[in-house]
Amino acid sequence: VRLRAERYDGGTTAEGTVRFDIILLDPPYDTTDLAAIVAAAAPLVTPRGQVVLEHSRRRASPEAARPLRRMRVLTAGDSALSFYAPESAAAGTG
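To start, this report covers the structure provided alongside it. Nothing here was measured: the structure is a model prediction, and the numbers come from that model.

In any sheet, the strands associate via hydrogen bonds between backbone groups, in a parallel or an antiparallel arrangement. Spatially, five strands are ordered S3-S4-S7-S6-S5 in an open sheet, and the strand pairing comes out mixed. Here the strands that pair on one side only, and so sit at the sheet edges, are strand S3 (20-25) and strand S5 (64-65). Where strand S6 (residues 68-76) meets strand S7 (residues 79-86), eight bridges bridge the pair, whose relative direction is antiparallel. In the strand pairing of S7, Arg-70 is matched with Tyr-84.

Here it is as structure tokens:
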């Protein structure tokens with residue numbers, strides 16, 4: 001599914017709400033509220049899934065956006081990727 005996050009209605013099926021194993025977030029680099037963007041993705045990720053946020057290296061990503069917790073940050077040039085997992089899954093990895 002590729003569309004603007006604010007337009008996604010969290011689709012449903014006969015089995016319930018549609019959830020994703022991986023969600024890639026690529027907001028404009030001048031976005032100031034990265035925590036709100038990550039938090040908006042939280043209800044859409046599976047319990048063992050991941051959310052990946054692309055952002056400017058100069059703008060810190062939030063450590064957590066409950067129930068997601070940042071697990072890793074990779075940087076290259078001006079860009080950074082922050083990886084998030086649900087706290088329940090993150091607790092099981094340590």
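On the secondary structure map, Ser-56 appears in strand S4 (residues 45-56). Owing to a relative accessible area of 10%, Ser-56 belongs among the buried residues under this scheme. Not counting the four nearest positions on each side in its chain, Ser-56 is found in contact with Tyr-29 and Asp-78.

Scoring rules and cut-offs
- Residues numbered from 1 in each chain as written.
- Predicted model: local features only at pLDDT ≥ 70, side-chain atom pairs only at ≥ 80, totals over all residues.
- Heavy atoms only, no water.
- Pairing = 2+ DSSP bridges.
- Helix = DSSP H or I, 4+ residues; strand = E, 2+ residues; numbered from the N terminus.
- Buried < 20%, exposed > 50% of the residue type's maximum accessible area, 1.4 Å probe, protein only.
- Contact = heavy atoms within 4.5 Å.

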